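Descriptive structure summary
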Amino acid sequence: MSKILIVADHADGKLNGGVAKVMSAAQAIGGDVDIVVFSDNGKAVAEQAAKINGVAKALTVDNAANANLMGAVLAPQVVELVKGGYTHVLFCGNALGKDTAPRVAALLGVPQVSDIMAVHGANSFDRPIYAGNAITTVEVPEGTVIATVRLASFDAVAEDGSAAIEAASVSAALPSHTRYKGLQAQKSDRPDLQGASKVVSGGRALGSSDNFKVIFDFADKIGAGVGASRAAVDSGYVPNDMQVGQTGKIIAPELYVACGISGAIQHLAGIKDAKTIVAINKDADAPIFEVADIGLVGDLFTILPELQSKV
Amino acid sequence: MKALVSVKRAVDYNVRIQVKPDGSGVVTDGVKHSMNPFDEIAMEEAVRLKEKGVITEIIAVTIGGQKNEETLRTALAFGATRAIHVKEDGEIQPLTAARALAAVFKKESVDVLLCGKQAIDDDANQTGQMTAALLDVAQATFASKIEIADGKATVTREVDAGLETLDIDLPAVVTTDLRLNEPRYLKLPDIMKAKRVQIEAVTFADLGVEAAPAIKVTKTAPPPSRSKGVMVKTVDELVAMLKQKGLV
Ligand SMILES: Cc1cc2nc3c(=O)[nH]c(=O)nc-3n(C[C@H](O)[C@H](O)[C@H](O)COP(=O)(O)OP(=O)(O)OC[C@H]3O[C@@H](n4cnc5c(N)ncnc54)[C@H](O)[C@@H]3O)c2cc1C
């Protein structure tokens, strides 16, 4: 039987919503599932983890070195825990998971599966390649399975459980070659891009950071998060944490409104799981219309204000 | 200071990917290939650091069959000092690539490995981190700014919440993100000059590298297609449809 460990992502005392999605993938694999919280003081986060349905135990590993999560520091600790008999270690397919999982896999001498999007069994998964333009079914060899889970592909499990919380003792030599200096975070009252049920995105067409106001205003009217294409990020209209796509965030909102975005494959890779895609573009031949559920040809600077006044 | 830059040959990012009808993979024969865009960024950064006098030698390395020599020539045209071709036919998965890169890293005693954060063919995003783990050195992934001085690097990383800064000791591995720089256009004289440079060839056996246990791909399929959408003519029609779907 599988024994699965989920490494929790968290910040500011809050468990990342992706962990409950990783639990869906873990349950599809089947077996006992523990969640581990690495922190300098992980009790509050572990309490949230203990509520995730299907958790056998929420483990805490408290250490001052875990005050800010970094792959190089986490990896040797995860490896120590794996020695306790875990068959699978799962991470959120986000920045922390991508930073840490390969480091764990290499220390264990096993390969890693990136971005699991479906589970066929304990050792067989689907994952995307070429910006999601092909989906492969892979079989992982014998040995511990290390994987990141594509959060857009799984629904979160309910959070009304009450598992036991336990402090795990991990004796691993931690490196001193990596020091955390700080985070420049963008503060926003808008829904988080990855958790939002609606997202409005702007592309190069916006032309300036001031013009992005039409996107923000409409998003606020319908309670949506705000995203952007790489072109908009590169041009400095908005910060990079808003980038949606192959190399940005992969999202799965109920509604995605793409404004002045051409629909390059790298952008589409980030929105394939959106339930309804609306495209507003002045070029009737823009590739975004090939994937849009509803398309409207026209100038976004006239369409968006009108739309905002009518919803 | 010595930098190693790993460069992978991948299907060009503009190519429309075709899955083979028998599900055995993606069509790559007769399809345009280029240097992985993220590796171009790593190459560009190394050259800029060399132009600033921070780095004195850039060794470009690739792992793969004969055709990968093209990619090394591109790296030389960028400004790599030397090029090493780890010649191996067949598919090379990240852990095996990492073992080879770690071996070259040690053999050449480099100070920093710069590589793209992911290759746009397998989208794995693993090789840099795995190499750092095998070498037991620091890593800074998804870099959008790199400063190197006094045996240390200060790296700004693109993470989900914003921009994180790490201070790492060298030697180290840094993986590059899109916004780090914009790779230069290569000049014809540099391309011509790169053609004449001697490329060093080595094998896994020379490096003492064992192939890692591999993940087996049993099937490749196109992504599920979305059902055909509708075009509306007016904002009113759009609003009506959104209301009907309960989305606004
Ligand atoms: C390795 C790699 C990774 C990448 N990763 C990503 C990624 O993760 N995410 C991403 O988004 N991109 C990514 N890209 C970039 C991608 O290829 C495209 O360049 C980018 O998505 C284009 O952004 P855009 O659609 O905003 O700009 P453009 O392609 O310039 O399109 C602008 C669109 O706006 C329309 N328009 C202009 N004015 C108006 C107006 N007034 N009203 C309405 N419409 C208007 C135009 O018709 C056009 O369709 C990546 C590229 C590479 C090489």
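Further up the page is the structure itself.
Now for a look at the structure at hand. (Residues numbered from 1 in each chain as written. Chains lettered and ligands numbered in written order. Predicted model: local features only at pLDDT ≥ 70, side-chain atom pairs only at ≥ 80, totals over all residues. Heavy atoms only, no water.)

Counting residues at the interface gives 80 residues for chain A, matched by 76 residues for chain B. When chain A packs against chain B, close to 6600 Å² is buried across both sides, 56% of that on carbon and sulfur atoms. Remark: the boundary between chain A and chain B carries 7 salt bridges. Here D169 of chain B makes a salt bridge to R179 of chain A, at a shortest N to O gap of 2.7 Å. Remark: the boundary between chain A and chain B carries 38 residue pairs in polar contact (both at pLDDT 80 or more). Classifying every residue of the side of chain A that touches chain B gives 38 nonpolar, 22 polar and 20 charged. (Contact = heavy atoms within 4.5 Å. Buried area = accessible area lost by both parts, 1.4 Å probe. Salt bridge = Lys/Arg side-chain N within 4 Å of Asp/Glu carboxyl O. Polar contact = N/O pair within 3.5 Å; in protein donor to acceptor, adjacent residues only side chain to side chain. Nonpolar A, V, L, I, M, F, W, Y, C, P; charged D, E, K, R; others polar.)

As a further point, take the environment of L114 of chain B. Residue and element names in this part refer to chain B. Tracing the chain through its elements places L114 in strand β6 (residues 112-116). With 29 residues separating them in the primary sequence, L114 and A143 have C-alpha atoms 9.9 Å apart. When sequence neighbours within four positions are dropped, the list of residues in contact with L114 reads L4, V5, S6, A42, A46, I146 and V174. (Helix = DSSP H or I, 4+ residues; strand = E, 2+ residues; numbered from the N terminus.)

This part covers the nonpolar core. Core analysis: the largest hydrophobic core is formed by 43 residues, its most contacted members being M43, I168 and V174 of chain B. Counting residues per element, this core draws most heavily on helix α1 (residues 37-51) of chain B, at 7 residues. Apart from residues no more than four positions distant in its own chain, M43 of chain B is found in contact with V5, V7, I58, A75, F78, G79 and A80 of chain B. Ranked by size, the runner-up nonpolar core spans 37 residues in total, among them V19, A20, V22 and V145 of chain A. (Core = buried A, V, L, I, M, F, W, Y, C linked by side-chain atoms within 4.5 Å. Buried < 20%, exposed > 50% of the residue type's maximum accessible area, 1.4 Å probe, protein only.)

This paragraph deals with the side chain of R9 of chain B. Its location among the elements puts R9 of chain B in strand β2 (residues 9-11). Excluding residues that lie within four positions of it along the chain, R9 of chain B makes contacts with H33, S34, K67, N68, E70, T71 and D121 of chain B.

This part covers the sheet that holds strand β4 (residues 57-64) of chain B. Strand order in the open sheet formed by 10 strands is β13(A)-β9(B)-β8(B)-β7(B)-β10(B)-β6(B)-β1(B)-β4(B)-β5(B)-β11(B), and the pairing between neighbours is mixed. Edge strands, defined here as strands with exactly one partner in the open sheet, are β13 (178-185) of chain A together with β11 (200-202) of chain B. Along the sheet, successive strands turn relative to each other by an average axial angle of 30°, direction set aside. In this structure, strand β7 (residues 138-149) of chain B lies alongside strand β8 (residues 152-159) of chain B, joined through 6 bridges in antiparallel fashion. Looking at β8 of chain B, one finds that E147 of chain B is bridged to T154 of chain B. Taken strand by strand, helix α4 (residues 95-108) of chain A contacts β7 and β8 of chain B, and its axis lies near 95° from that of β7 of chain B. (Pairing = 2+ DSSP bridges. Axes fitted to C-alpha atoms, helices over the stretch in contact; angles between N-to-C directions.)

With that settled, consider the site of the ligand. Of all residues adjacent to the ligand, which total 30 residues, the nearest are R204, S229, S262, Q266 and N281 of chain A. At the ligand, the nearby residues belong to more than one chain, namely chains A and B. In this structure, an oxygen atom belonging to the ligand sits 2.8 Å away from a side-chain N or O atom of H267 of chain A. L300 of chain A places a polar main-chain atom, nitrogen or oxygen, 2.9 Å from a nitrogen atom of the ligand. Those elements giving two or more residues to the shell around the ligand turn out to be α6 (230-234), α7 (265-268) and α9 (300-310) of chain A together with α1 of chain B. Split by residue class, the shell around the ligand holds 12 nonpolar, 13 polar and 5 charged. (Near = heavy atom within 4 Å.)

What follows is about the packing of helix α2 (residues 69-78) of chain B against helix α5 (residues 188-195) of chain B. Residue and element names in this part refer to chain B. Between α2 and α5, the least distance of the axes is 8 Å, while the angle of their chain directions is 125°. Classified by the angle between their axes, α2 and α5 sit oblique to one another. In the packing of α2 onto α5, the handedness of the crossing is right-handed. Contacts between α2 and α5 involve R73, L76 and A77 on the former and, on the latter, D190, I191, A194 and K195. In the contact of α2 with α5, the residues fall into 4 nonpolar, no polar and 3 charged. (Parallel < 35°, antiparallel > 145°, perpendicular 65-115°, else oblique. Left-handed = near helix turned anticlockwise from the far one by under 90°.)

Taken in spatial order, the 6 strands of this open sheet run β15(A)-β14(A)-β16(A)-β17(A)-β18(A)-β13(B), and their pairing is parallel. The open sheet is flanked by β15 (225-228) of chain A together with β13 (230-232) of chain B, the only strands paired with a single partner. Strand-to-strand, the axes of this sheet are offset by a mean angle of 20°, without reference to chain direction. Where strand β16 (residues 255-259) of chain A lies against strand β17 (residues 276-281) of chain A, 5 bridges are found, and the strand directions are parallel. Note that in β17 of chain A the partner of C259 of chain A across the bridge is I280 of chain A. Its contacts with the sheet put helix α5 (residues 213-222) of chain A on β14 (198-202), β15 and β16 of chain A, and the angle it makes with β14 of chain A is roughly 170°. Taken strand by strand, α9 of chain A contacts β16, β17 and β18 (294-297) of chain A, and its axis lies near 130° from that of β17 of chain A.

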